[in-house]
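Residues per chain are reported as follows:
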Amino acid sequence: MRIPESELIINSDGSCFHLHLRPEELADNVILVGDPGRVSMFCEHMTDIEFDKQSREFRSATGKFNGKRVTVISTGIGTDNCDIVINEIDALANIDFGTREVKKNLKSLNLLRIGTSGAIQSDIELGTYLFSGMSLGCDGLLNWYNGRDKVCVDGIAEEFKKQVGWRKELSEPYFVMADPSMAERFKDCTVCGLTASAQGFYGPQGRVLRLGLSMDNLIDRFEKFEYKGWRITNFEMECSAIYSLGKLLGHKCGTVCLIIAQRHMHGANTDYKKLMDGLVHTALDRLTR
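These numbers come from a predicted model, not from an experiment.

Participant: Describe the pairing of strand E10 (residues 191–197), listing the residues and the values that go with them.
Facilitator: Among the seven residues of E10, five are classified as buried, and the element is accordingly described as predominantly covered. Inspection of the sheet shows strand E8 (residues 129–137) paired to E10 by seven bridges, in the parallel sense. Counted as the bridge partner of Ser-135 is Thr-195 from E10. Alignment of E10 against strand E11 (residues 232–236), held across four bridges, turns out to be parallel. Bridging from a neighbouring strand, Ala-196 pairs with Phe-235 of E11.

Participant: Mind laying out the pairing of strand E12 (residues 252–262), listing which residues take part and the relevant values?
Facilitator: Most of E12 sits inside the fold, with ten of its eleven residues counted as buried. Looking at chain direction, strand E7 (residues 110–119) and E12 are connected through ten bridges and run parallel. Bridging from a neighbouring strand, Leu-112 pairs with Gly-254 of E12. Note: E12 against strand E13 (residues 267–268), two bridges, orientation antiparallel. Bridged to Gln-262 within E13 is Gly-267.

Participant: So what's going on with the pattern of salt bridges? Residues and values would help.
Facilitator: Scanning the model with the defined rule gives 21 salt bridges in all. The shortest N-O distance in the salt bridge between Lys-161 and Glu-172 comes to 2.8 Å. Taken together, the residues Lys-161 in helix H4 (residues 156–164) and Glu-172 in the loop between H4 and strand E9 (174–177) connect sequence positions eleven residues apart. For Glu-172, a relative accessible area of 32% translates into the label partly exposed. In this structure, Asp-188 engages Arg-286 in a salt bridge whose closest nitrogen and oxygen atoms are separated by 2.6 Å. Highlighted residues: Asp-188 in the loop between helix H5 (180–186) and E10 and Arg-286 in helix H8 (residues 273–288), separated in sequence by 98 residues. Overall, Asp-188 belongs to the exposed group, its relative accessible area being 59%. Residues participating in the shared-partner salt-bridge network are Arg-22, Glu-24, Glu-25 and Lys-53.

Participant: Could you give an account of the nonpolar core, with specific residues and numbers?
Facilitator: In this structure, Ile-31, Phe-42, Ile-73, Ile-89 and Ile-114 are the most contacted members of the largest nonpolar core, which totals 61 residues. Sort the elements by how many residues they give to this core and helix H2 (residues 79–94) lands first, with seven residues. If we ignore the near neighbours within four places in the chain, the residues touching Ile-114 are Ile-31, Leu-32, Val-33, Gly-34, Arg-38, Phe-42, Val-256, Met-276, Leu-279 and Ala-283. In terms of nonpolar packing, the next biggest core, distinct from the first, is built from 21 residues, Ile-156, Phe-160, Ile-219 and Phe-225 among them.

Criteria and cut-off values
- Residues numbered from 1 in each chain as written.
- Predicted model: local features only at pLDDT ≥ 70, side-chain atom pairs only at ≥ 80, totals over all residues.
- Heavy atoms only, no water.
- Buried < 20%, exposed > 50% of the residue type's maximum accessible area, 1.4 Å probe, protein only.
- Helix = DSSP H or I, 4+ residues; strand = E, 2+ residues; numbered from the N terminus.
- Pairing = 2+ DSSP bridges.
- Salt bridge = Lys/Arg side-chain N within 4 Å of Asp/Glu carboxyl O.
- Core = buried A, V, L, I, M, F, W, Y, C linked by side-chain atoms within 4.5 Å.
- Contact = heavy atoms within 4.5 Å.

The structure is reproduced here in structure tokens:
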């Protein structure tokens, strides 16, 4: 079935609407970062850079590491931006831009998010590399797509709502696992946890400045949650969208975050460039081995 111009917007140069990438420019290994400036950190480690382009907050570059092609794309902040990025990445890989039809042979990409995060458990120290073995979506994005229940972990959402006193006015939460092959790549150099993805940085992550919260003591509620050995370890703002949409589309997804804030201990480290550079090299190496 042909996809109309209004649904898949293709620019005059043959690139997708937001990312401004053409299908041949996308590698099978894709690293997703929030900050457009972080793309430069990856480029410093890669060779044979084919291009480096930016449209709005979406900056992209493709090069090589360990002899394999890698594309690095910045998503900007939030699951709403990831909705754009994941759909356009899949379109580049699995839709014929000439005929506007889905390809018969679908490609499964490796999608790895590298970012920063704040821990909510007292035993997770600043500077830790944390792999998101499971993602909690507090954002509601997945609820807009068909097949939601096919990718969600059974049972945990209802227990979560009960334990934390989830308010009925909030989006229906969902839990999605990382791809096992991604978890295997990083198991010996990271701590594995359950990452909560929020749709905001302040209230949705329990921060209080001048506005009060609809759920008081939100950090304490999340910190105390436990289900079959899983506990919520950290907050960020993109993982749930990548895991849920990526899994629905048949891609292999993982997330590794550098812990730069300790919500339980009220600590933060803003001088983390060296630690992030180490994570950049590790991510490239593990993804291309």
